[in-house]
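# Structure at a glance
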There are 4 protein chains.
Amino acid sequence: MINVGVAGYGVIGQRLADGVALQGDMNLVGVADLAPTLSVRALKEKGMPYDLYLVEGADKSAFDALDIPVSGTFMDLVSKVDVMLDSSPGGVGAKNKELYEKAGVKAIFQGGEKNSVADVFFHGYANYEKGLGADYLKLTSCNTTGLMRSVDCLDRKYGVDRVAITIIRRVADPGDYHRGLTNALQMDKAPSHQAVDLMNIMPHIEATGILVHTPVTHGHIITVLAHGRNGKITKEQALEAFKEHDRIRVVRIEDGFLGNASLFRYARDLGNPRGDMYEIGLWEDSIVESGDNIMYAINIPQESVTIPETLDGVRACMRMQPDSKSGTAATNKYLGLGKWR
Amino acid sequence: MINVGVAGYGVIGQRLADGVALQGDMNLVGVADLAPTLSVRALKEKGMPYDLYLVEGADKSAFDALDIPVSGTFMDLVSKVDVMLDSSPGGVGAKNKELYEKAGVKAIFQGGEKNSVADVFFHGYANYEKGLGADYLKLTSCNTTGLMRSVDCLDRKYGVDRVAITIIRRVADPGDYHRGLTNALQMDKAPSHQAVDLMNIMPHIEATGILVHTPVTHGHIITVLAHGRNGKITKEQALEAFKEHDRIRVVRIEDGFLGNASLFRYARDLGNPRGDMYEIGLWEDSIVESGDNIMYAINIPQESVTIPETLDGVRACMRMQPDSKSGTAATNKYLGLGKWR
Amino acid sequence: MINVGVAGYGVIGQRLADGVALQGDMNLVGVADLAPTLSVRALKEKGMPYDLYLVEGADKSAFDALDIPVSGTFMDLVSKVDVMLDSSPGGVGAKNKELYEKAGVKAIFQGGEKNSVADVFFHGYANYEKGLGADYLKLTSCNTTGLMRSVDCLDRKYGVDRVAITIIRRVADPGDYHRGLTNALQMDKAPSHQAVDLMNIMPHIEATGILVHTPVTHGHIITVLAHGRNGKITKEQALEAFKEHDRIRVVRIEDGFLGNASLFRYARDLGNPRGDMYEIGLWEDSIVESGDNIMYAINIPQESVTIPETLDGVRACMRMQPDSKSGTAATNKYLGLGKWR
Amino acid sequence: MINVGVAGYGVIGQRLADGVALQGDMNLVGVADLAPTLSVRALKEKGMPYDLYLVEGADKSAFDALDIPVSGTFMDLVSKVDVMLDSSPGGVGAKNKELYEKAGVKAIFQGGEKNSVADVFFHGYANYEKGLGADYLKLTSCNTTGLMRSVDCLDRKYGVDRVAITIIRRVADPGDYHRGLTNALQMDKAPSHQAVDLMNIMPHIEATGILVHTPVTHGHIITVLAHGRNGKITKEQALEAFKEHDRIRVVRIEDGFLGNASLFRYARDLGNPRGDMYEIGLWEDSIVESGDNIMYAINIPQESVTIPETLDGVRACMRMQPDSKSGTAATNKYLGLGKWR
């Protein structure tokens, strides 16, 4: 059993903790946070399924006043784990790294940190092997993680050499008030970092892209134009590959999956905790061929999509499985991915 | 054990089924629907925790093609139950009533039907006793249900004789595409039906109100100005009453409950199925006194708020408990309401 | 001719400049700003109808690079005017006041400044006479300005002693990206400052209220419950008073004025510059009586609603007209208000 | 002088009328509509700058009751014109065509009609010559019109043979309540009709695309990936071509044009009637090269973008100018396009 801790019990941290708890070969030692946020209050109301540790600077009396049990300090947590999953606010992870180094534990950072924080910029399918035994991994961001699932899926089977993407980005998570956009589409300077990150991890592909922020909260939509390295990839071929992938859910408009909010609603109706979905959605009705290119649209559930690849990262850095195929398969088994087929 | 069926497995029907399944003294016989909607597909993917029956006009081959098991016809379901919870689309309930009459089963309709469909226009707290033994009840709508919880709570303890409300209404549910509003606030002709409905059920109170639709999906907010029949109700008194109520959750902006989306997020973090909440939220920081009036704001989780009162309706019409106090207490116990305190 | 300058050529400043330019007895000397914002670029593209001065800290070379003519420094502008209309960002006005004092010019500040910046907290209808000859006025905020038009209108004719409001607030202006809200309603701590401000200016009225932010950009909606000091104000009486008011536009849902966005569209279709409207909208179909109270809903076009009252302020502080009636009438004549009847 | 009438005085019809009125060589005879809509009421309040005719089925007494002067019947209008601009609701134009044929007048239909209604599917730049002398033209839709400006611009100068687009579509116009979307991105079945329409008019280009609806009202954003027929088109080359185009406005994020709402605000600040803009916006910061492709993003002001090309259509079908260059130049001159440079 690999012992795992989570730093930062926010949108991502809560889901990382849940994901670790589902892995039969990992043990969630606890989670750490700074203040009695809504997430921490919910943890308390649920009866403390996870032990809570306090990071430096936390005011323990605020937790005591709410009868929230505290299991120790951040270093207490770090000292008990093999690997920390760090989902602290952007920039804090880099500071935490010094503590991890001191304690001699490995760590996996989320996309908000700079690439330089880690030895390997990691994706469970695209470069699992690079992460084997590494001390510090950084996960790709939510959009890049989902995008690369689909591109790697086509690339592995048919070969891809060029990709152009348009990211229709959700601007906030449900419950966010500190950021938002009202009746506006906002441009980002091109190329989008997701295209650049894809080339970083898959250097044999030339990629570019444009990102536009939109005032919604339930998942990004990305359109992908992919050029077949060995000639055109047909819609039939693409569908076959996508349907075999355990982290891609092929859906159809005609079945009622009208957009990003349908996938959110479906995940709620499935009874998934928080209405989360680990899979990206991929619309069968969006796939079109044009020349040697194939174009399609995917949905990225931003709150939960990086959880599986982060767990892959634990497997890689702890050498729990030797390659992408076996590593991702273990994660998928414990998360129940692919069993809907 | 009272046998219960659900007609219409949509936004409300799913939640009614879940609610019945939690009641230790009720048995959910099954649910009925017309087509393999997303909700029905999710039921299938979850392994059919509830038996599915098909209403007249359903194309069984469409269900067969998806390997969705069907347990019989709508009349098969009706013949096995004591009471039907009808959450069919507006107007269909009235037609279904003929079938219920033929089969001699009781039924409880949701707010979308006309009042004339039922013998009693029902609210678990405000007029439970009127529903005792009745054959056909109609529940108040989501806004009225939540609003009346708070008004009845003050009225019971301190006396209320006048109410003026402003309903800031969510315009769609998460996952809706057939209705929506973009960058606009839409007026309804005054007075709002919710004020009229309140007077219908609580005729000793004079009420009026204005409703404005807003482009959000996570819960209505209602401001309530209430006049004390026996002099001013103070903030302290109001808070005391609200905090004792099992279906009212008193929250504070300063704790992070910034608006309707915070309550949705909190319910997701609690692990509640679908991120639902049965309680209305009531902001402590919104309560203000002015003259003999007290003013406060509540949050109505439109998808799930009527479930407890519908279950109260089963208890009343089946004479499972003799009065509001014992009836609502039984519902609350099985739903786990009030235990967060 | 009274010479007027405008500090801050943003959302409000542009409209103040346009409003002054329409007054037959005022002369717009110029406007001042810090950087070549979109508004300043538009001024240039329009051919510089107004002279531009640069506030301290401005980089003149940035304006030169865009061939934007500059007429002088902020103090150059101040030295040429009788009164400055200060619509600088919140807090800057207080600093500017020192310059105004040094130059011996009067100034009118917008709602973003603290009350202490001014000698009189001013509203053209409700307390014009207090502003007579004053050196420093502060205008009420957009919501308070529009709200007080309607309350003063009823109060003057029939007497009002209690008011309770619910403000359904737009969260951003069209074109804003620095603030916004996505799929959420956000609570403010009660009572809202608008209710408090109303009592400040109309101390014979007891007021309270709750404000909720909504994700729209085209105008606030406020519901008002007003209690008649001398008995009930009927719908008929209220309508009569509202229809006589030059800054209130009575509209009806049945005519197509469905909400705040209809009024914005109508103002665009009228050909009003920027699609602005100086009048508040008041829905005839929203007026309802209840007990001794009357309730109604108004629309506040936040970008332009304070312009007339600011011009009233110029008239008061410069003693151009001796009282509210003649002062507001002069402003209305030059702005063309009331002529739609 | 060419005599022109407008059928349907709604969002598009109002702008067509304004556009015709600006052309020095056209005479606007009048506009026709069915009911006293908000647009017609605004026409009245403005003092009837355009004569109003009533289409069949209109209730004249409704106009009389509002003192709206009526100049005659639809056929009265048709009998006085050389060409009708038909912006009736979708489908009505096809019926009107019979009247136009009877009267022997030409007509230009908007994008809502079926292609079969017209002899030529028309775009002022891309196929002006096809429209010469034709009796019935149909304009491309708003998105296609703007998209083709940019593609034709590159194609004319450098050659383009493949295009892939992602349309981030606004779902409603400001003031719409009959359609809308709340917190959702909605997929359309691929390929988008705009890509198909482009191939229809520019058959030497292979095009595909995906369209996603977003909950905003101020202009679509389209990303375009274009492949150079004669090798890569560089960013420098593309910019040079775009900056020369009178109906393309090149803007930059760093100058404050952050998204679609910035362009709307800028047009308002310019004092353009209704805050309209005839030009598409094109973000310089969005242009990126990748392989032999160039990618860029444009903004489509949906309410007004088709006006210039419709006026081009009048010029073509009436043979006012012999070719695209002279026809579009005449339209641009009268609309003042290009003079901002």
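Up top is the structure.
What comes next is a walk through the structure. Remember, predicted model here, so these are calculated numbers, not experimental data.

Rules behind the numbers
Residues numbered from 1 in each chain as written. Chains lettered and ligands numbered in written order. Predicted model: local features only at pLDDT ≥ 70, side-chain atom pairs only at ≥ 80, totals over all residues. Heavy atoms only, no water. Helix = DSSP H or I, 4+ residues; strand = E, 2+ residues; numbered from the N terminus. Rg over C-alpha atoms; globule rule 2.2 N^0.38 Å. Buried < 20%, exposed > 50% of the residue type's maximum accessible area, 1.4 Å probe, protein only. Lys, Arg positive; Asp, Glu negative; His and termini not counted. Charge placed at Lys NZ, Arg CZ, Asp CG, Glu CD. Pairing = 2+ DSSP bridges. Disulfide = S-S within 2.5 Å. Least-squares fit on C-alpha atoms with pLDDT ≥ 70 in both. Polar contact = N/O pair within 3.5 Å; in protein donor to acceptor, adjacent residues only side chain to side chain. Contact = heavy atoms within 4.5 Å. Arc of directions from axis to C-beta. Phe/Tyr/Trp six-rings, centres within 6.5 Å; stacked < 30°, edge-to-face > 60°. Lys NZ or Arg CZ within 6 Å of the ring centre and 35° of its normal. Salt bridge = Lys/Arg side-chain N within 4 Å of Asp/Glu carboxyl O. Nonpolar A, V, L, I, M, F, W, Y, C, P; charged D, E, K, R; others polar.

Secondary structure summary: chain A contains eleven helices and 16 strands in total. In terms of overall size, chain A behaves like a compact globule, its C-alpha atoms giving a radius of gyration of 20 Å where 341 residues would be expected to give roughly 20 Å. Seen through its C-alpha atoms, chain A measures out along the principal axes to roughly 65 × 45 × 40 Å. Within chain A, the fraction of its 341 residues that count as buried is 67%. Across chain A, the 37 positively charged side chains and the 43 negatively charged ones have centroids separated by 1 Å.

Moving on, we get to the sheet that holds strand 5 (residues 83-86) of chain D. Residue and element names in this part refer to chain D. In spatial order, the strands read 4-3-2-1-5-6-8-7; together these eight strands make up an open sheet with parallel pairing. In this open sheet, the two strands that pair with only one neighbour each are strand 4 (72-73) and strand 7 (120-122). Here strand 5 runs beside strand 6 (residues 106-109); their pairing, made up of four bridges, is parallel. The residue of strand 6 that forms the bridge with aspartate 86 is phenylalanine 109.

Let us look at the state of the cysteines. All names here are of chain C. Under the criterion given, the structure shown has zero disulfides over all chains. No disulfide involves cysteine 142; its nearest neighbouring cysteine sulfur is the one of cysteine 153, lying 20 Å away. Classification of cysteine 153 as buried rests on a relative accessible area of 8%.

Further remarks concern the relation of the copies chain B and chain D. The two copies are related by a screw motion: chain B maps onto chain D through a turn of 180° and a shift of 0.0 Å along the axis, at an RMSD of 0.0 Å. Each copy turns onto its partner about a two-fold axis. The C-alpha atom lying nearest the rotation axis in chain B is that of Gly180(B); the distance is 2.3 Å.

For the rest of this paragraph, the subject is the side chain of Gln302(A). Residue and element names in this part refer to chain A. Take glutamine 302: it is sitting in the loop between strand 16 (293-300) and helix 10 (306-317). Looking at glutamine 302, its side chain comes within polar contact range of the main-chain oxygen of threonine 217, at 2.9 Å. Look past the residues within four positions of glutamine 302 in its chain and what remains in contact with it is Ile12, Cys142, Arg170, Ala172, Asp173, Pro174, Thr217, His218, Gly219 and His220.

Our focus in this paragraph is helix 7 (residues 193-201) of chain C. Residues and elements named next belong to chain C. Of the residues making up helix 7, those classed as buried are Gln194, Ala195, Asp197, Leu198 and Ile201. Down the axis of helix 7, the sector holding all buried residues measures 160°, keeping them to one side. Looking at the buried residues of helix 7, the elements they touch are strand 7 (120-122), helix 6 (142-158), strand 9 (160-170) and strand 11 (206-214).

Residues and elements named next belong to chain C. Looking at where arginine 315 falls in the secondary structure, it is placed in helix 10 (residues 306-317). For arginine 315, a relative accessible area of 0% corresponds to the buried category. A distance of 2.6 Å separates polar atoms of two side chains, one belonging to arginine 315 and the other to glutamine 23. For arginine 315, the residues in contact, after removing those within four places along its chain, are Gln23, Asp25, Met26, Tyr128, Met320, Gln321, Gly327, Ala330, Thr331 and Tyr334.

It is worth spelling out unusual backbone geometry at this point. Here the bond from Ala190(B) into Pro191(B) is cis, since omega is 0°, no more than 30 degrees from zero. Look at Met48(A): it is not a glycine, yet its phi comes out positive at around 55°. Of note, Met48(A) is situated in the loop between helix 2 (38-45) and strand 3 (52-54). The phi angle at Asp67(D) is positive, at roughly 60°, despite the residue not being glycine. Examined against the element boundaries, Asp67(D) turns out to sit in the loop between helix 3 (60-65) and strand 4. Here Asp67(D) falls in the exposed class, since its relative accessible area comes to 59%.

What follows deals with the packing of aromatic side chains. Going through the model one piece at a time under the given rule, you end up with 26 aromatic pairs over all chains. Taking the centre distance of 6.4 Å and the plane angle of 35° together, the rings of Phe109(A) and Tyr136(A) count as tilted. In this pair, Phe109(A) sits in strand 6 (residues 106-109) while Tyr136(A) sits in strand 8 (residues 136-139), placing the two residues 27 residues apart along the sequence. For Phe109(A), a relative accessible area of 0% puts it in the buried group. Between Phe74(C) and Tyr100(C) the ring centres are 6.2 Å apart and the planes differ by 55°, which places this aromatic pair in the tilted class. Here Phe74(C), found in helix 4 (residues 74-79), pairs with Tyr100(C), found in helix 5 (residues 92-103); they are 26 residues apart in sequence, far enough to count as distant. On the accessibility criterion, Phe74(C) (5% relative accessible area) is buried. Judged by its relative accessible area of 0%, Tyr100(C) falls in the buried class. Within the aromatic cluster, the residues linked to one another by ring pairs are Phe74(A), Tyr100(A), Phe109(A) and Tyr136(A). Positioned over the ring face of Tyr136(B) is Lys97(B), at 4.8 Å from the centre of the ring.

Contacts between the two partners involve twelve residues from chain B and, on the opposite side, twelve residues from chain D. Applying the counting rule to chain B against chain D returns zero salt bridges. Connecting chain B to chain D are two residue pairs in polar contact (both at pLDDT 80 or more). Residues that form the side of chain B that touches chain D fall into these classes: seven nonpolar, five polar and no charged.

Attention now goes to the sheet that holds strand 1 (residues 2-7) of chain A. Residue and element names in this part refer to chain A. One open sheet accounts for eight strands, arranged 4-3-2-1-5-6-8-7; its pairing is parallel. If you trace the sheet from one side to the other, it starts and ends with strand 4 (72-73) and strand 7 (120-122), each paired once. Relative to strand 4, strand 3 runs parallel, the two sharing two bridges. When the bridges of strand 4 are listed, leucine 54 appears paired with threonine 73.

Attention now moves to the pattern of salt bridges. All chains considered together, the criterion is met by 106 salt bridges over all chains. In this structure, the salt-bridge partner of Asp18(B) is Arg274(B), at a minimum N-O distance of 2.4 Å. Of the two residues, Asp18(B) sits in helix 1 (residues 11-22) while Arg274(B) sits in the loop between helix 9 (260-269) and strand 14 (280-283), which places them 256 residues apart along the sequence. The buried category is assigned to Asp18(B), whose relative accessible area is 16%. Here Arg274(B) falls in the buried class, since its relative accessible area comes to 2%. Its salt-bridge partner being Asp269(C), residue Arg265(C) comes within 3.2 Å of it at the nearest N-O pair. Of this pair, Arg265(C) and Asp269(C) both sit in helix 9 (residues 260-269), four residues apart, which is roughly one turn of the helix. Since its relative accessible area comes to 2%, Asp269(C) is described here as buried.

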